[in-house]
Amino acid sequence: MILTRFIKPTLLALAAASLATAAHAAPLKVDTAKSSVNATFKQLNVPVDAKFKKFTATIDFDAAKPTEGKASVEIDVTSFDLGEAEYNKEVQKKEWFNTAQFPKASFVASSIKPAAGGKFDVSGKLTIKGKSTDVSFPLTVKKEGATQVFDGVLPIKRLTYNIGEGEWKDTGMVADEVSIKFHIVAQ
């Protein structure tokens, strides 16, 4: 009898949890053809724009319940495009991205909180070239018909992730500051 009193409420709780999980919306489908992840930095004090041609993103977000949101992005670093094949080959080397050892970079959100002006504060772990750090950035989310558009800029220091080793640590040639800009379209 004691066992029945324990098992019945436990089974009911498990059933309720299963229903709640089943009722939760599926992650949004990211349209990578309409989405982009870019990096902007300065070389000899001249802005340079580059893009990552391949990435995947998983977003589970409801603007009515932002703190329950989840997001992760995985970037194929070998797809980094500076607009010229010779430069693209150079940044694959050990001194820069070392793509032979670290072909992927990633971001995993640990929290999404409402902020002023209809924006959200996102915090999480950014991993580049095997080094993980805690980062945070403002996020804008817009509803456009059946889609949601996520825009943000994540400022980083390239030397934190050992991007530019040896002679390339000199920030007089390539600045330490890099802005990772993303535009993610999902439905």
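Residues numbered from 1 in each chain as written. Predicted model: local features only at pLDDT ≥ 70, side-chain atom pairs only at ≥ 80, totals over all residues. Heavy atoms only, no water.

Q: What is the right way to read the overall build of the protein from this model?
A: What the protein contains, in helices and strands, is two helices and 10 strands. Scored against the burial criterion, the 187 residues of the protein give a buried share of 36%. Sequence separation of at least 24 residues holds for 55% of the intrachain contacts in the protein that already meet a minimum separation of 6. Here the protein has roughly 11,400 Å² of accessible surface; of this, 58% comes from carbon and sulfur atoms. (Helix = DSSP H or I, 4+ residues; strand = E, 2+ residues; numbered from the N terminus. Buried < 20%, exposed > 50% of the residue type's maximum accessible area, 1.4 Å probe, protein only. Contact = heavy atoms within 4.5 Å. Areas by Shrake-Rupley, 256 points an atom, 1.4 Å probe, with all protein chains shown as cover.)

Q: Explain the side chain of Asp81 to me, please; I cannot follow it from the model alone.
A: Secondary-structure assignment places Asp81 in strand β5 (residues 80-81). Among the polar contacts made by the side chain of Asp81, one reaches the side chain of Lys53 at a distance of 3.4 Å. The contact partners of Asp81, leaving out residues within four places of it in the chain, are Ala50, Lys51, Lys53 and Asn88. (Polar contact = N/O pair within 3.5 Å; in protein donor to acceptor, adjacent residues only side chain to side chain.)

Q: Honestly, the sheet that holds strand β4 (residues 70-76) in this entry has me stumped. Any pointers?
A: Note: strands within a sheet are paired through backbone hydrogen bonds, in either parallel or antiparallel orientation. One open sheet holds the 10 strands; their spatial order is β3-β4-β6-β7-β8-β9-β10-β1-β2-β5, and the pairing between them is antiparallel. The strands lining the two open edges of the sheet, one partner per strand, are β3 (55-60) and β5. Two elements, strand β6 (residues 104-114) and strand β7 (residues 120-128), share eight bridges in a ladder whose sense is antiparallel. Paired with Ser106 across the strands is Thr127, a residue of β7. (Pairing = 2+ DSSP bridges.)

Q: Before we go on, may I ask you to explain the pattern of salt bridges in this structure?
A: If the charged atoms of two oppositely charged side chains come close together, the side chains can form a pair. All chains considered together, the criterion is met by five salt bridges. Residue Asp81 pairs with Lys53 through a salt bridge whose shortest N-O separation is 3.4 Å. Of the two residues, Asp81 sits in strand β5 while Lys53 sits in the loop between β2 (46-52) and β3, which places them 28 residues apart along the sequence. Residue Asp81 is classed as buried on the basis of its relative accessible area, which comes to 14%. (Salt bridge = Lys/Arg side-chain N within 4 Å of Asp/Glu carboxyl O.)

Q: Any chance you could explain the pairing of β2 here in plain terms?
A: Regular strands have side chains that alternate between both faces of the sheet. Relative to β2, strand β1 (residues 36-43) is paired through seven bridges, and the arrangement is antiparallel. When the bridges of β2 are listed, Lys42 appears paired with Pro47. In this structure, the hairpin formed by β1 and β2 is closed by a connection of two residues, where Leu44 is found at a positive phi of approximately 50°. Bridge count for β2 against β5 is two bridges, and the pairing is antiparallel. Residue pairing in the sheet places Phe52 in a bridge with Phe80 of β5.

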